[in-house]
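What follows is each chain in one-letter form.
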Amino acid sequence: MAKMRAAVVAGPKAPFEMVERDIPEPGPGRVRIKVHACGICHSDSLTKEGTFPLVRYPRVPGHEVVGVVDAVGSGVARWAAGQRVGVGWHGGNCGFCDACRRGDFFACQTFTEITGITYDGGYAEYMVARAEALALVPDELSPVEAAPLMCAGVTTFNCLRHSGARPGELVAVLGLGGLGHLGVQFAAKAGYRTVAIARGKDKEPLARQLGARYYIDSQAHDPAAELRDLGGARVILATVTNGGAMAAAVGGLGANGTLMVIGGAGPLTVFPGQLIGGRLAVKGWYSGTSIDSEETLAFSVLEGVRSMNEVFPLERVAEAYDRMLSGRARFRVVLTLREG
Ligand SMILES: [Zn+2]
Ligand SMILES: [Zn+2]
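Here goes a summary of the coordinates provided. For clarity, every value in this text was computed on a predicted model and none was experimentally measured.

Brief notes about the overall build of the chain
Now for step 1: The helix and strand tally for the chain stands at 11 helices and 15 strands.
Now for step 2: Here the chain has a C-alpha radius of gyration of 20 Å; the compact-globule value for 340 residues is 20 Å, and the two agree.
Now for step 3: For the C-alpha atoms alone, the extent of the chain along its principal axes is close to 65 × 45 × 40 Å.
Now for step 4: A buried classification covers 54% of the 340 residues belonging to the chain.
Now for step 5: Long-range pairs, those at least 24 residues apart, make up 64% of the contacts in the chain with a sequence separation of at least 6.

Okay, here's the thing in structure tokens:
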């Protein structure tokens, strides 16, 4: 049987082990992908550190996967060997439960399939995914360019386009890291008056280069007061991992404004009076399904949105993961594998 290399986590907090495994066969409704690149997302720490109840071990993490279809299981329509595809966090859905019948595939009640969590992900030469989880990757994007768009990209893009903000309205992106540097680009290209909020004056040139019209240094200024001076934000896209920083920005929402939360953080305290008086909302957003990913990739090609990446070969997965976890990466970390 043909073998492949994979980076495996044996249990909670276990180190990455490079192992040789049989190349998996795609069962019914599944597709095998030869992986070319896989982004390292902060959520991979759920698998690595064992902080998520659905993880089963041993597990290969990775839900920012890009490669080519290598083999197709029975009962799969549309996909064929040789197509360039990606897989994100959304690992599949049943299509027949009440949630799926309403089009809420993210809330599928039959099973919660999450790539790299409930089945093996992209830190390997090959992986098998459910067919409905696949997104077509356009030729214009290299594997390294496309990979971070499969989670960080689709999460920010899909959140913004469902936020209720219309072109010309004030949209603030809180945080300028892996998610935020994409959020600013998507917001600017979508036609919003885009505000970037980050700590320190030194991030301003980058924020403006990414398309921000305004920059707020949250160390030197109160972001809520600054946003009110600009007329109040229709939407604040909260990408930071700090509930206190999110709470400090809520006062910058204009009437009917919404704080869209995509950063995993500790408790977030908001005052009911604040919400009531401004008819404000605080809302979480799930990344998206495969068609959302496909549309994220298409928009990125159309408008020139690109993630800034640090690239490591799969063999250096431990170092690459630590780099992501340090928060010092500029801005996403991507693993590469041999193509061909
Ligand atoms: Zn992710
Ligand atoms: Zn379902």
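Once the structure has been displayed, the description carries forward.
Here's the deal with the coordination of the zinc ion (ligand 1)
Now for step 1: For the zinc ion (ligand 1), the protein coordination sphere consists of Cys-41 (SG), His-63 (NE2) and Cys-151 (SG), at 2.0 to 2.2 Å.
Now for step 2: Exposure remark for Cys-151: the relative accessible area of 8% places this residue in the buried category.

A closer look at the side chain of Arg-32
Now for step 1: Here Arg-32 lies in strand E3 (residues 30-40).
Now for step 2: A residue is classified by how much of its surface remains accessible, and Arg-32, at 12% relative accessible area, is buried.
Now for step 3: Separated by 3.0 Å, the side chain of Arg-32 and the backbone oxygen of Pro-24 make a polar contact.
Now for step 4: Dropping the residues within four chain positions of it, Arg-32 is found in contact with Ile-23, Pro-24, Glu-25, Pro-26, Val-68, Val-69, Asp-70, Ala-71, Tyr-126, Met-127 and Val-128.

Thoughts on the coordination of the zinc ion (ligand 2)
Now for step 1: The coordination sphere of the zinc ion (ligand 2) contains the protein donors Cys-94 (SG), Cys-97 (SG), Cys-100 (SG) and Cys-108 (SG), at a distance range of 2.3 to 2.4 Å.
Now for step 2: For the zinc ion (ligand 2), the four donor atoms in the first shell make angles of 104 to 120° at the metal, so the coordination geometry reads as tetrahedral.
Now for step 3: Along the chain, the residues that donate to the zinc ion (ligand 2) are spaced as C-x2-C-x2-C-x7-C. In this pair, Cys-94 sits in the loop between strand E5 (84-87) and helix H2 (98-101) while Cys-108 sits in the loop between H2 and strand E6 (126-130), placing the two residues 14 residues apart along the sequence. Cys-108 carries the same exposure label as Cys-94, and that label is buried.

A word on the pairing of E5
Put simply, side chains in a regular strand alternate between the two faces of the sheet.
Now for step 1: Where burial is concerned, the two faces of E5 agree: the one with Arg-84 and Gly-86 and the one with Val-85 and Val-87 are both buried.
Now for step 2: As judged from the four bridges shared by strand E4 (residues 65-72) and E5, these two strands associate in the antiparallel manner. What sits directly across from Gly-67, in E5, is Val-85.
Now for step 3: Note that E5 and strand E7 (residues 134-136) share three bridges and pair antiparallel. Within the sheet, the bridge partner assigned to Val-85 lies in E7 and is Leu-136.

Re the pattern of salt bridges
Now for step 1: Under the criterion given, the structure shown has 21 salt bridges.
Now for step 2: Where Glu-132 meets Arg-130, a salt bridge forms, and the shortest distance between an N and an O atom there is 2.7 Å.
Now for step 3: Across the pair Arg-306 and Glu-145 runs a salt bridge, and its minimum N-O distance is 3.5 Å. With Arg-306 in the loop between helix H10 (290-303) and strand E14 (309-313) and Glu-145 in helix H3 (residues 143-146), this pair connects stretches of sequence that are 161 residues apart.
Now for step 4: Residues joined by salt bridges that share partners form a network here, namely Arg-5, Glu-125, Glu-315 and Arg-338.

Focus on the sheet that holds strand E10 (residues 214-217)
Now for step 1: Strand order in this open sheet of six strands is E10-E9-E8-E11-E12-E13, and the pairing throughout is parallel. Among the strands making up the open sheet, the edge pair consists of E10 and strand E13 (281-284). Going across the sheet, the axis of each strand differs from the next one's by a mean of 20°, ignoring polarity.
Now for step 2: Pairing analysis gives four bridges linking strand E9 (residues 193-198) to E10, with the strands arranged parallel. Note that in E10 the partner of Val-195 across the bridge is Tyr-214.
Now for step 3: Packing against the sheet, helix H8 (residues 243-250) makes contact with strand E8 (170-174), strand E11 (233-238) and strand E12 (253-261), and its axis sits at approximately 165° to E12.

With respect to the packing of aromatic side chains
Now for step 1: By the definition in use, this model includes seven aromatic pairs.
Now for step 2: With centroids separated by 4.8 Å and ring planes inclined at 35°, the aromatic side chains of Phe-157 and Phe-299 adopt a geometry described as tilted. Here Phe-157 is found in helix H4 (residues 152-161), whereas its partner Phe-299 is found in helix H10, with 142 residues between them in sequence. Note on accessibility: Phe-157 and Phe-299 belong to one class, buried.
Now for step 3: Where Phe-186 meets Phe-299, the ring centres are 6.0 Å apart and the plane angle is 45°; that geometry is what we call tilted. With Phe-186 in helix H5 (residues 180-189) and Phe-299 in helix H10, the pair connects residues that are 113 residues apart, well separated along the chain.
Now for step 4: Taking relative accessible area as the criterion, Phe-299 reaches 16% and is therefore assigned buried.
Now for step 5: Among the aromatic residues, ring-to-ring pairing joins Phe-16, Tyr-123 and Tyr-321 into one connected group.

Conventions we followed
- Residues numbered from 1 in each chain as written.
- Chains lettered and ligands numbered in written order.
- Predicted model: local features only at pLDDT ≥ 70, side-chain atom pairs only at ≥ 80, totals over all residues.
- Heavy atoms only, no water.
- Helix = DSSP H or I, 4+ residues; strand = E, 2+ residues; numbered from the N terminus.
- Rg over C-alpha atoms; globule rule 2.2 N^0.38 Å.
- Buried < 20%, exposed > 50% of the residue type's maximum accessible area, 1.4 Å probe, protein only.
- Contact = heavy atoms within 4.5 Å.
- Donors = N, O, S within 2.8 Å, 3.2 Å for Na, K, Ca; no water.
- Polar contact = N/O pair within 3.5 Å; in protein donor to acceptor, adjacent residues only side chain to side chain.
- Tetrahedral: all angles 85-135°; square planar, octahedral: opposite > 155°, others 65-115°.
- Pairing = 2+ DSSP bridges.
- Salt bridge = Lys/Arg side-chain N within 4 Å of Asp/Glu carboxyl O.
- Axes fitted to C-alpha atoms, helices over the stretch in contact; angles between N-to-C directions.
- Phe/Tyr/Trp six-rings, centres within 6.5 Å; stacked < 30°, edge-to-face > 60°.

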